[in-house]
Amino acid sequence: MALRCWRWWPRSAWPRTRLPFAGSSPGFGQRFSTQETTPQICVVGSGPAGFYTAQHLLKHHAQAHVDIYEKQPVPFGLVRFGVAPDHPEVKNVVSTFTQTARSQRCAFRGHVVVGRDVTVAELREAYHAVVLSYGAEDHRALDIPGERLPGVLSARAFVGWYNGLPENQALAPDLSCDTAVIVGQGNVALDVARILLTPPEHLERTDITEAALQALRQSRVKTVWIVGRRGPLQVAFTIKELREMTQLPGTRPILDPADFLGLQDRIQEVPRPRKRLMELLLRAATEQPGQEEAARRARASRAWGLRFFRSPEQVLPSADGRRAAGVRLAVTRLEGAGEATRAVPTGDTEDLPCGLVLSSVGYKSRPIDPSVPFDPKLGVIPNTEGRVVDEPGLYCSGWVKRGPTGVIATTMTDSFLTGQTLLQDLRAGLLPAGPRPGYAAIQALLSGRGVRPVSFSDWEKLDAEEVARGQGAGKPREKLVDTQEMLRLLGR
Ligand code: FAD
């Protein structure tokens, strides 16, 4: 690495009261522009973490230039490929990201896989600082026998399939079975259950892909079990998602009141948001429905159920051994209290017949490049407040920084903090001095390797095409799901 000098300017030339960046005063930024080097900053990943980090840097430094590298030809990460199609309001953040990307001092470099097309070391040579914001793309395995049988899918791949992620388009989930089991009780599990059970006509005006909609129209799935090893108090989903399930047209809940015994007393001590969630669960499980609700449930042709105190032990094969036919669940009980509550097997088991098993027990990041420290156990880049440990000039934000939990708002706060840390280091003279070539150097490398990045204006053409394709069907867009087709549309 050529990071010989970590000072942005010589310390002697750095007056304490005048910082070399425009955090507080726009005028200051102007002085800087005429006298000093433009900080060239590179962000890897164009999900919420990448965009919020870029936004913070551009807002608080009047000269900084930010290039956002993204492996997909399209931006926005899980906002496009994770957030459920029937939650369009969540995707409004895209307009803020678009504003950032349209800044004169920001550029989107799509269809560039960092770690393959260009190394992190090369980026560090070219830029003053590199921020890794590449998310958590791997799913955690169940690690049980039978997990590789056809009919067992990761919820993440299923989500990618209905949301148009190119690499998941060949998934072809078999929805010809009666029952699906989702292992895990977080929001992604509820998203998947909801998409499986929502009457397809209710999804027709969303941005779900046409292929997924077709498959869901033909789906024979009638019952979805959402399984967790612990109890109601430990569920990881939130109230909005649960409420949607309780109100899902054409479905009824299956909740065992025995799972909720004594809960009423225990919820008095829990923090308010969880208390409200528990109250809703309790009502759904134990209260007699009113006349209208009872009639609605009686008419329902589909059902969803929460199965508590069950841990998957094995995926059971069909008689011919060729696909999943059920899940063997170990019955559990809880030990310990509070955060430390653990599920331990009682020794009893229960077989739950099903034709589709979706595992939704969490994600982890991958190492991006051998030169970057990585904690394989936690699945994150070791860091202190976003500074990658022992790697000056290298930062991280979002799920790769703190692990794959939290919503877009959490990711925003976290990414602003990384942006702030980076600017503090810049101010403290901890980043390399002198100009850096930024994209000019990387462009030369990429073009020598036959890689032609997709720009933000290229994305805007694809965006317009998607919107136009959706119009006939009354959809906000019909997503392009084939990378080659996207490139063809861009004249490549
Ligand atoms: P990501 O959004 O995953 O972005 C990472 C980006 O890096 C991706 O674009 C990826 O393609 C890119 N990348 C990866 N590797 C490379 C590489 N080698 N080179 C270049 N680029 C690379 N939050 C909500 O608030 N509301 C919701 O409704 C909601 N729904 C969700 C549904 C699902 C299924 C999931 C999984 C999460 C959901 N979340 C939701 C959480 C939210 O999506 C995350 O908090 C947020 O996306 C994390 O941001 P990130 O930028 O760290 O990761």
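The structure this text deals with has already been given above.
Bear in mind that the values here come from a model prediction, so they are computed numbers and not experimental data.

## Observations regarding the site of the ligand
So, step 1. In the vicinity of the ligand, 32 residues are found, and the nearest of them are A49, E70, V114, W399 and I408.
So, step 2. For the ligand, an oxygen atom lies 2.9 Å from a polar atom in the backbone of G406.
So, step 3. Within the contact set of the ligand, an oxygen atom lies 3.0 Å away from a side-chain nitrogen or oxygen of T411.
So, step 4. The fraction of the free accessible surface of the ligand (1,000 Å²) that becomes covered by protein chains is 93%.
So, step 5. Among the secondary structure elements, those contributing two or more residues to the shell around the ligand are α2 (48–60), α7 (187–197) and α14 (408–427).
So, step 6. The residue makeup of the shell around the ligand, split by class, is 17 nonpolar, 11 polar and four charged.

## Description of the pattern of salt bridges
So, step 1. The tally for this structure, following the rule as stated, stands at 38 salt bridges.
So, step 2. Across the pair K71 and E137 runs a salt bridge whose closest N-O atoms are separated by 2.7 Å. Note that K71 is positioned in the loop between β2 (65–70) and α3 (78–81) and E137 in the loop between β4 (129–132) and β5 (138–139), a separation of 66 residues in sequence.
So, step 3. E485 serves as the salt-bridge partner of R469, at 2.9 Å between the closest nitrogen and oxygen. On the criterion of sequence distance, the pair formed by R469 in helix α16 (residues 456–471) and E485 in helix α17 (residues 483–489) is long-range, its members being 16 residues apart.
So, step 4. Shared partners join several salt bridges into a network, and the residues in it are E204, E210, R217, K475 and E478.

## Concerning the sheet that holds strand β9 (residues 251–254)
So, step 1. One open sheet accounts for six strands, arranged β6-β14-β7-β8-β10-β9; its pairing is parallel. Bordering the open sheet on either side are β6 (152–154) and β9, each of which pairs with just one other strand. Ignoring strand direction, the axes of neighbouring strands in this sheet form an average angle of 20 degrees.
So, step 2. In the sheet, strand β7 (residues 179–183) pairs with strand β8 (residues 223–227) via five bridges, with the strands oriented parallel. Across the sheet, the residue bridging to T179 is T223, located in β8.
So, step 3. Sitting on the sheet, helix α6 (residues 155–162) is in contact with β6 and β14 (356–359), with an inclination near 75 degrees to β6.

Analysis parameters
Residues numbered from 1 in each chain as written. Predicted model: local features only at pLDDT ≥ 70, side-chain atom pairs only at ≥ 80, totals over all residues. Heavy atoms only, no water. Near = heavy atom within 4 Å. Polar contact = N/O pair within 3.5 Å; in protein donor to acceptor, adjacent residues only side chain to side chain. Areas by Shrake-Rupley, 256 points an atom, 1.4 Å probe, with all protein chains shown as cover. Helix = DSSP H or I, 4+ residues; strand = E, 2+ residues; numbered from the N terminus. Nonpolar A, V, L, I, M, F, W, Y, C, P; charged D, E, K, R; others polar. Salt bridge = Lys/Arg side-chain N within 4 Å of Asp/Glu carboxyl O. Pairing = 2+ DSSP bridges. Axes fitted to C-alpha atoms, helices over the stretch in contact; angles between N-to-C directions. Contact = heavy atoms within 4.5 Å.

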